[in-house]
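# Fold and contact review
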Amino acid sequence: MAEAALGLWTTHGPTLNTSPDQWVNRVKADVAQKHWFKGEELSFDELIERRADERIDEKFTDAERRRRHEACQKAIAELAGRWEAEAPDACIILGNDQRELFLPEIQPTFTIYYGENFYNLPLTDAQRKMLPPGIEEADWAYRPEERTVYPGLPELAEHVFEQATEDGFDTAASAAWPCHENHRHTGTPHAFSFVLRRIMRDRAVPTLPVIANTFYPPNQPTPRRCYEFGRMIGRAVRRWDSNARIAVVGSGGMSHFCIDEELDQRVLEALSARDSQALCAIEPELLRSGSSELLNWIVASGILFETELSGDVIDYVPCYRSDAGTGTANGFVCWN
Ligand SMILES: [Fe+2]
């Protein structure tokens, strides 16, 4: 029986991979669009008014941004260190697609990648030009310097498909990354490549990518469905006749692009208490846009809550960049 040897929940966004000076490059884009906050879609100015009492200005001074950036780098180093110490044989990454693989033509709720391997590669010059402002600087954390092939985990994928069918989950199956002409992305989506680059430090073990559609209506899964989907994957792991020691990584979140510390604390407290009901009770309207990636954390919890593993929050660092509360809240949890 394969067993879980390491559990990680980590954010993966660009604030982790850009300097605190570069964070503010995104503000121009923030001003130009509406943002989801506590179930409402508000303009930048409406958010400033709504959040005036929070004194967010004190949370993104030069010194604060520097301090928070350093805390994030320390936490990532800690996760990578724990990875190295535990040296798992295989990995399941719970991540999402952000219009990297799937376009509106077809958008599966859950996809299991079952290919022998998968690849990642640098962006072309044309793709680089399509990136939104303030994102190109973070690209090093999501893409290798040259085309790189990583090992997949088809043997475990087979068990997941069997278990899913038995348990009433209909999943999409992918054996090669979907690739579109003239698209801004090719290769491994950022939710997965961040883990390969910054946690495994490119020394990849065989990895099973599990892709949830957290972002895009109309077919996002609910928190409860994500939790149960994770439990199903846990059962598949236990029926895999293998000595593999597996790492399980929930990649994404926490609240963004408008930070909601209350939501993030609910999630962190639920993890500490192994409280599945608290996770399943999170209102889907709070999980919009980037915050929806917390669903990846919930799938990982469905696997990890039924293991012997336990551990701590390494850090929680809300990385603000404007009075409207835009930015990304970063969180790091490790169970071993
Ligand atoms: Fe993301």
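Residues numbered from 1 in each chain as written. Predicted model: local features only at pLDDT ≥ 70, side-chain atom pairs only at ≥ 80, totals over all residues. Heavy atoms only, no water.

### Focus on the pairing of strand β13 (residues 326-335)
- With ten of ten residues buried, β13 is to be regarded as a mostly interior element.
- Pairing of strand β1 (residues 3-10) with β13 involves four bridges; the strand directions are antiparallel. Bridge assignment links Gly7 to a residue of β13, and that residue is Trp335.
- As paired elements, strand β11 (residues 256-258) and β13 share three bridges and run antiparallel to each other. (Buried < 20%, exposed > 50% of the residue type's maximum accessible area, 1.4 Å probe, protein only. Helix = DSSP H or I, 4+ residues; strand = E, 2+ residues; numbered from the N terminus. Pairing = 2+ DSSP bridges.)

### Considering unusual backbone geometry
- Here the amide bond leading from Pro217 into Pro218 is cis, since omega sits at 10 degrees, within 30 degrees of zero.
- Inspection of the secondary structure puts Pro218 in the loop between β9 (207-212) and α8 (223-238).
- With an omega of 15 degrees, the peptide bond between His256 and Phe257 qualifies as cis.
- Relative to the assigned elements, Phe257 resides in strand β11.
- Despite not being glycine, Ala87 shows a phi value in the positive range, around 45 degrees.
- Here Ala87 shows up in the loop between α4 (62-86) and β4 (90-96).
- Despite not being glycine, Asn182 shows a phi value in the positive range, around 55 degrees.

Take it as geometry only, folks, not as evidence of what the structure does.
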